[in-house]
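The chain contents come next:
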Amino acid sequence: MGHGNYSHDAHMAMLQARASSGSTEVFAQRTCHPLMNPKGVRARESRDSPEHPRSLGIIFALDVSGSMGEIPRTLAATELPSFMKVLGACKVADPQVMFAAIGNAGWDSAPLQVGQFESSADLMDKWLTSIYLEAGGGNEYESYELAMYFFATHTEMDCFVRRGRKGYLFITGDEPAWPALPRAHAEAVIGDRLDEDVPTAEVVAELAKSFHPFFLIPDLARRAGCEAQWRELLGDHVLCMESHEDTCFVAAGAIAINEGIVGDLDQLAALLAAQGAAGDRVSRIVRALTPFAASLESDGAPLPKPHV
Amino acid sequence: MIKRVGHLVVDLGFGDAGKGHLVDALVRHTGARWVVRFNGGAQAGHTVVLDDGRAHTFAQLGAGSFVPGVRTFLAAPVVIHPTALAVEAGVLAQRGVGDGLARLAVDARCRIITPYHQSANRLREHARGDARHGSCGVGVGETVADSLAHPDETITMAMLRDPTAVRPMLARTRERKREALRTAIGHGNGGEWRTFEDVGIAETWLARASSIAASIELVDMGAPAVWGERGDVVFEGAQGVLLDERFGFHPFTSPSTCTFANADAILDAWGWSDSRRRIGVLRSFHVRHGPGPLPSETDALDVLAEPHNVDGPWQGRFRRGWFDVVLARHAIEVCGGIDTLALTHLDALAHDLGWRIATSHDRGIACGVDAVGRVDGLEAIAGDDGEARMSALRRRVSDALAVPIEIASYGPRTSEVMLAIPR
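J.: Explain helix H4 (residues 144-153) of chain A here, please?
T.: Along an α-helix, residues three or four positions apart point the same way, because every turn accommodates 3.6 residues. For H4(A), a buried count of nine out of ten residues is recorded, marking the element as mostly surrounded by other parts of the structure. Every buried residue of H4(A) is accounted for by Tyr144(A), Glu145(A), Leu146(A), Ala147(A), Met148(A), Tyr149(A), Phe150(A), Phe151(A) and Ala152(A).

Listed below in structure tokens is the structure:
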């Protein structure tokens, strides 16, 4: 792109968006669902309740541009129920999960969609399948930084406010974020008036005050286009998966390791196997989490002996 | 009151003369605050290359957009592709200009290209096979033709503010064009046909197009309200005089007026009393992207590769020929004369390619099919080095056409445009 073929790209993106939606499509939304429109939203809240006294806010922000549309479909079709089971097995007491969708604020009609924090799989599924899979894109960046800005500044979580415990953000994607959040996007999409564009690194710094942010790359072939920039931004919190089908397990594993619920990757592997994950799948998940676990010295590898 | 100048930039060939970098240079040189597009539409490809290495091929945003604050006005005959506008603004944002759409104003009467027009254009051009017209595959021509034959179905920029009114028009257009295409080229499956088979296309497109349109300043009558009373205005022509619907060589033409006429009409309607500078643009050699007559065509120039003009799937091959005085004189005549010629791509003469110019044809130029004869007179442009050849060509062209050359460019960058016009 970039040789004046904008009408071709616009046209093909729309035809492809339509082609990928079959007649049995569970994602029936053809525009942004009004309840998922972030414009004017003060805050999405994750609150403790008598049934869920120790809530933990978890956000899944899914890139829904072009080639990334498979992840929400897989999540809806097979993964979401097992995700709750695995989180339960990992002893994450009261997870509250919010789904969000990320596109490109440069031209998509719904560049950011945000659901609500929910405790039951039914309600999570409702938000997940209310996402409009616009399938735009065909470009260099997606508006991940706009989504991160929203999560940093428009969420309130009891886990953090009451207990000082950060929530979790998992972004799936295969492109870099814009280098800076354009103030025009913040105003057009969220309604916030910023004085100037905010460098994406500053957005991440603000986000990291209340969240553990992770970026999940769906398969190894897509690392080349985005990994370097995300490593700059998030360091070891970039998780390179070998199959997008592992998204939920990898996310649950990251929480379990980071919270110290499992001591190392061996324990995690045993736990996943006990949940019915096949051997090769367990291996994939462990490989995706190894660099992160190593950074916490929770990879199970022996530490180098100190020189005497 | 300060006198203003309207700089009217028109390509005297078949397009691709370098209007992009001239417009950017003119805006910087004159301090113009507005760039006005007055013909064609989303098929334009006007490339600007900055000294810092950034480049953008402008299609619907004005080629002055790299200059902060300079605004673009798409005047009424321009045909708009709203979703492509958003894509272009997004690409431009990645090049550091994030407010492309915010600086845009569009005449409320501008016609809109729908997916039905774009797909119909592609299906027809595809069915022509080898006999294609060199269309860009955007749907400008299809939209213009439909607006004349079916004015009740013509969607304008203003109408996109009211999707409920547009919805039934889209449904009618879909039905009508599907039947027309079945009759014209027979029914097909998949690919572009999907546009007509999938009823959901209309809703998907309408949601996007109307949300994009809602973010763009709409100009109801005449000049934009914020026009102001100061500053020059640059009129950025698209395509080229030799593709003009009246003066080009049929059927290899564009359904568009490519002369100064639209720009003059717009200035007249505004009551513009200040001066107008009519700038005709030509390369130091003639080029044509796609099929159609190019009498001075030669493969001696094929070595002049260009990153921004590649052989396209819709337009076909990018062809080159010697500077053709006969074509240039014809173009100047049909557009009512020029004040100055802008001669571009002079740097090509740095290559010693046995440079020539075509000085006569075996018969005169008429309009219509077989309008052009063959070149029967070539004259060598001699010179020991590039600089000598460049000045020899400048002098020879200026003499042959009896016009001054006050603008010349020696490379793709804005800084390589030399202007000898008052600031």
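J.: Is there a simple way to think about unusual backbone geometry in this case?
T.: A negative phi angle characterises most non-glycine residues, just as the trans form characterises most peptide bonds. Residue and element names in this part refer to chain B. Of the consecutive residues histidine 250 and proline 251, the connecting peptide bond is found in the cis state with omega at 0 degrees. Counting through the fold element by element, proline 251 comes out in the loop between strand S10 (233-236) and helix H8 (261-270). Its identity as a non-glycine residue notwithstanding, aspartate 16 has a phi of 65 degrees, on the positive side. By the secondary structure assignment, aspartate 16 is in the loop between strand S1 (5-11) and helix H1 (19-30).

J.: Please clarify how the environment of Gly377(B) should be interpreted in this entry.
T.: Positionally, Gly377(B) belongs in strand S16 (residues 375-380). Along the sequence, Gly377(B) and Arg356(B) sit 21 residues apart, while their C-alpha atoms lie 10.0 Å from each other.

J.: Looking at this structure, I do not really get the sheet that holds S16(B). What am I missing?
T.: The strands that make up a sheet pair up through hydrogen bonds in the backbone, lying either parallel or antiparallel. Residues and elements named next belong to chain B. Here we have four strands laid out as an open sheet, ordered S12-S13-S15-S16, and mixed in their pairing. Each edge of the sheet is formed by a strand with only one pairing partner; in this case those strands are strand S12 (285-289) and S16. Ignoring strand direction, the axes of neighbouring strands in this sheet form an average angle of 45 degrees. Most of the contacts of helix H9 (residues 325-334) go to strand S15 (residues 356-361), to which it runs at about 65 degrees, and overall it touches S12, strand S13 (318-324) and S15. The strands that helix H10 (residues 386-401) touches are S13, S15 and S16; relative to S15, the one it contacts most, it runs at about 20 degrees.

J.: Sorry if this is basic, but what is going on with the pattern of salt bridges here?
T.: Enumeration according to the criterion identifies 44 salt bridges over all chains in this entry. A salt bridge links Arg231(A) to Glu227(A), with the nearest nitrogen and oxygen atoms 2.9 Å apart. Of this pair, Arg231(A) and Glu227(A) are both found in helix H8 (residues 227-234), four residues apart, which corresponds to roughly one turn of the helix. Classification of Arg231(A) by relative accessible area gives partly exposed; the value is 26%. As a salt-bridge pair, Arg176(B) and Asp146(B) come within 3.0 Å of each other at their nearest N and O atoms. Residue Arg176(B) is found in helix H5 (residues 163-185), and its partner Asp146(B) is found in helix H4 (residues 140-149); the two are separated by 30 residues along the sequence. Because the salt bridges share partners, they merge into one network encompassing Arg42(A), Glu45(A), Arg47(A), Asp48(A), Glu156(A), Asp158(A), Arg162(A) and Arg163(A).

Criteria and cut-off values
- Residues numbered from 1 in each chain as written.
- Chains lettered and ligands numbered in written order.
- Predicted model: local features only at pLDDT ≥ 70, side-chain atom pairs only at ≥ 80, totals over all residues.
- Heavy atoms only, no water.
- Buried < 20%, exposed > 50% of the residue type's maximum accessible area, 1.4 Å probe, protein only.
- Helix = DSSP H or I, 4+ residues; strand = E, 2+ residues; numbered from the N terminus.
- Pairing = 2+ DSSP bridges.
- Axes fitted to C-alpha atoms, helices over the stretch in contact; angles between N-to-C directions.
- Contact = heavy atoms within 4.5 Å.
- Salt bridge = Lys/Arg side-chain N within 4 Å of Asp/Glu carboxyl O.

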